[in-house]
Amino acid sequence: MVNHKIQAAEENLLHVYNRFPVVLDHGEGMYLYDTDGKEYLDFAAGFAVTGLGYNCKELNEALKAQIDKLYHTSNLYYHETCGEAARELNRVCGMDRVFFTNSGGEAVEGALKAARRYAYTKGTGRFEFIAMENSFHGRTFGAVSVTGHDAYREPFEPLVPGVRFAKFNDLDSVKALVSDRTCAIILEPLQGEGGINLADQEFMEGIRRICDENDILMICDEVQCGMGRTGSMFAWQGFGVKPDILTMAKAIGNGVPVGAFAMTEQVAEYSLKAGDHGATYGGNPLACTAVKKVIEIFEREDIVGHVNKVAPYLTKRLDELVDELDCVTERKGKGLMQGIVVTKPLAEVNSRAIEEGLLVIQAQGNVIRFVPPLIAEEKHIDEMIEKLKRALA
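Residues numbered from 1 in each chain as written. Predicted model: local features only at pLDDT ≥ 70, side-chain atom pairs only at ≥ 80, totals over all residues. Heavy atoms only, no water.

Visitor: How would you summarise helix H13 (residues 303–324) if you had to cite specific residues and measurements?
Guide: Between the first and last C-alpha of H13 there are 31 Å, a value that for 22 residues agrees with the 32 Å anticipated at 1.5 Å per step. The largest bend in H13 amounts to roughly 30° and is located at Val310, with the proline Pro312 lying one to four residues further along. Within the span of H13, buried status applies to Ile303, Val304, His306, Val307, Val310, Ala311, Tyr313, Leu314, Arg317, Leu318 and Leu321. Its buried side turned inward, H13 meets helix H12 (285–300), strand S13 (328–334), strand S14 (337–342), strand S17 (367–370) and helix H15 (378–392). (Helix = DSSP H or I, 4+ residues; strand = E, 2+ residues; numbered from the N terminus. Expected span 1.5 Å × (residues − 1). Bend = angle between axes of the 7 residues up to and from the residue. Buried < 20%, exposed > 50% of the residue type's maximum accessible area, 1.4 Å probe, protein only. Contact = heavy atoms within 4.5 Å.)

And the structure:
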């Protein structure tokens, strides 16, 4: 039978998304509801975006108040909200200077430009990037150029030149690619799309050491794994390995489109200058209100502490699935960004999960990815496990 609501939603759209057959209407906390009133437990959070869940009243009210004041102005002028959001974001992410963008892909694009500008200003002639296999950094030309999946790259080649790929968690493979042309090494501390692959402590420390010894910049892409998801405000802090440039987006706005790239003062001194980069909507008052309020709620409600409290329970329940079900072979990840490797077709599992009222997403390597809102409780994990078991049966 034709679903006329889906048919109407698809009219005039360019079909580039493999959408699930659900027409969503509203959300509340950990749950989403479709136009027929069916309830779905959400363990996808809009691809790790809605850290505070749905219909967060305090955030809603702050955004409504800002809409009544001002929600766009030219970047030629200052507004208080942007300055306040920048100060708070730099404080929690451990950086010194920040540039607001509209998305994670744009944040990565800006980070790559900042790295090349740093090399240009210092007169080193460096221009190459070392990126990681199985990485995902976005879909703009620069971001897809440093993405380590052929399927994402091949249809758009030739891409940005000067990108070489090393094996994730293989320090020797990185060292083999370093040359006097290398300007930056970019990696995700926890790969999301690539299969929920967590960097080793030794690997992170080794990358930092290589960069320090060769005047190379270390770029950490925390668009997905940042903002509390791994049990620290940003994943690099859990390793104690500070990058030179950091990208972020998704959960910093809890669904309001906003991204950012930030850098240390030492990098900023030699990096982007007036006119080098821009974004018409980057740092607009509405997005900055979201960032400022999200940080305020995160800290007051100790969201990071809550993640550290509930994540071991998620780990335990997923490990039990590995032990109980033949079709689940491995659990991996950290905090509230975890995955299980399954032997069943993911499309089939996703369809059955939707029937059960559960929303999950997949990652490379036949991985079911769990990135729920960070407000998840043990009862939600229990509910998810029961629904997932039926979907995997």
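Let us keep going from here.
Visitor: Describe the pairing of strand S12 (residues 259–263), with residues and values.
Guide: A large share of S12 lies buried, amounting to five of its five residues. Burial along S12 is two-sided: the face carrying Gly259, Phe261 and Met263 and the face carrying Ala260 and Ala262 are both buried. The pairing of strand S4 (residues 97–101) with S12 spans five bridges and is antiparallel. By the bridge assignment, Phe99 is partnered in S12 with Phe261. Summarising the sheet, strand S11 (residues 245–248) and S12 pair through four bridges and their orientation is antiparallel. Pairing of Met248 across the sheet is with Ala260, part of S12. (Pairing = 2+ DSSP bridges.)

Visitor: Residue-level account of the packing of aromatic side chains, with values.
Guide: What the rule picks out here adds up to four aromatic pairs. A ring pair is formed by Phe168 and Phe203, whose centres lie 5.6 Å apart and whose planes are at 70°; its orientation type is edge-to-face. Linking Phe168 in the loop between strand S6 (163–166) and helix H8 (171–175) with Phe203 in helix H9 (residues 201–214), this pair joins segments that are 35 residues apart in sequence. On the basis of relative accessible area, Phe168 is assigned to the buried category, the value being 14%. When the ring centre of Tyr270 is taken as origin, the NZ or CZ atom of Lys122, which lies over that ring, is 5.0 Å away. Seen from the ring of Phe239, Lys334 lies directly overhead, with NZ or CZ sitting 5.4 Å from the centre. (Phe/Tyr/Trp six-rings, centres within 6.5 Å; stacked < 30°, edge-to-face > 60°. Lys NZ or Arg CZ within 6 Å of the ring centre and 35° of its normal.)

Visitor: Describe the packing of H13 against H15, listing the residues and the values that go with them.
Guide: In the contact formed by H13 and H15, the axes pass within 10 Å of each other and the chain directions differ by 20°. Here H13 is positioned roughly parallel relative to H15, judged by the angle of their axes. Seen along the crossing, H13 lies across H15 with a hand that is right-handed. Contacts from Val310, Tyr313, Leu314, Arg317, Leu318, Leu321 and Glu324 in H13 reach Glu378, Ile381, Asp382, Met384, Ile385, Glu386, Leu388 and Lys389 in H15. Here the residues of the contact of H13 with H15 are counted per class, giving nine nonpolar, no polar and six charged. (Axes fitted to C-alpha atoms, helices over the stretch in contact; angles between N-to-C directions. Parallel < 35°, antiparallel > 145°, perpendicular 65-115°, else oblique. Left-handed = near helix turned anticlockwise from the far one by under 90°. Nonpolar A, V, L, I, M, F, W, Y, C, P; charged D, E, K, R; others polar.)

Visitor: Describe empty space enclosed by the protein, listing the residues and the values that go with them.
Guide: All chains considered together, the criterion is met by one cavity of 30 Å³ or more. Here the largest cavity is characterised by a volume of approximately 40 Å³. Taken together, Tyr118, Ala119, Lys122, Thr124, Arg126, Cys183, Asp215, Ile216 and Leu217 make up the full set of residues lining the largest cavity. When residues in the lining of the largest cavity are grouped by element, the largest group, three residues, is from helix H5 (residues 104–122). (1 Å grid on protein atoms, 1.4 Å probe; cavity = no way out; pocket = protein on both sides within 12 Å on 5 of 7 lines; lining within 4 Å. Points joined across faces, edges and corners; volume = space filled by probe spheres on them.)

Visitor: An account of the nonpolar core is requested, with residue identities and associated values reported.
Guide: Met132, Ile207, Ile368 and Met384 are the most contacted members of the largest nonpolar core, which totals 85 residues. Sorting elements by how many residues they give to this core places H13 first, with nine residues. Beyond its immediate stretch of four places on either side in the chain, Ile368 contacts Gln338, Gly339, Ile340, Val342, Leu346, Val349, Val360, Ile361, Gln362, Leu388 and Leu392. In this structure, Ala115, Ala119, Ala143 and Ile245 belong to the second largest nonpolar core, which totals 22 residues. (Core = buried A, V, L, I, M, F, W, Y, C linked by side-chain atoms within 4.5 Å.)

Visitor: For the pattern of salt bridges, give the residues involved together with the corresponding values.
Guide: Applying the stated criterion across every chain yields a total of 25 salt bridges. Across the salt bridge formed by Lys293 and Glu58, the nearest N and O atoms sit 3.4 Å from each other. Taken together, the residues Lys293 in helix H12 and Glu58 in helix H3 (residues 57–69) connect sequence positions 235 residues apart. Linking Glu265 and Arg97 is a salt bridge whose minimum nitrogen-to-oxygen distance equals 3.3 Å. On the criterion of sequence distance, the pair formed by Glu265 in helix H11 (residues 265–268) and Arg97 in strand S4 is long-range, its members being 168 residues apart. (Salt bridge = Lys/Arg side-chain N within 4 Å of Asp/Glu carboxyl O.)

Visitor: Give a detailed account of the sheet that holds strand S5 (residues 128–132), specifying residues and quantitative values.
Guide: In a beta sheet, neighbouring strands are held together by backbone hydrogen bonds and run either parallel or antiparallel to one another. Spatially, seven strands are ordered S4-S12-S11-S10-S7-S5-S6 in an open sheet, and the strand pairing comes out mixed. Two strands close off the open sheet at either side, each with one partner strand: S4 and S6. Ignoring strand direction, the axes of neighbouring strands in this sheet form an average angle of 20°. In this sheet, S6 lies alongside S5 in parallel orientation, the contact comprising four bridges. Directly across from Phe129, in S6, lies its bridge partner Val163. Most of the contacts of H5 go to S11, to which it runs at about 165°, and overall it touches S4, S5, strand S7 (182–187), strand S10 (217–221), S11 and S12.

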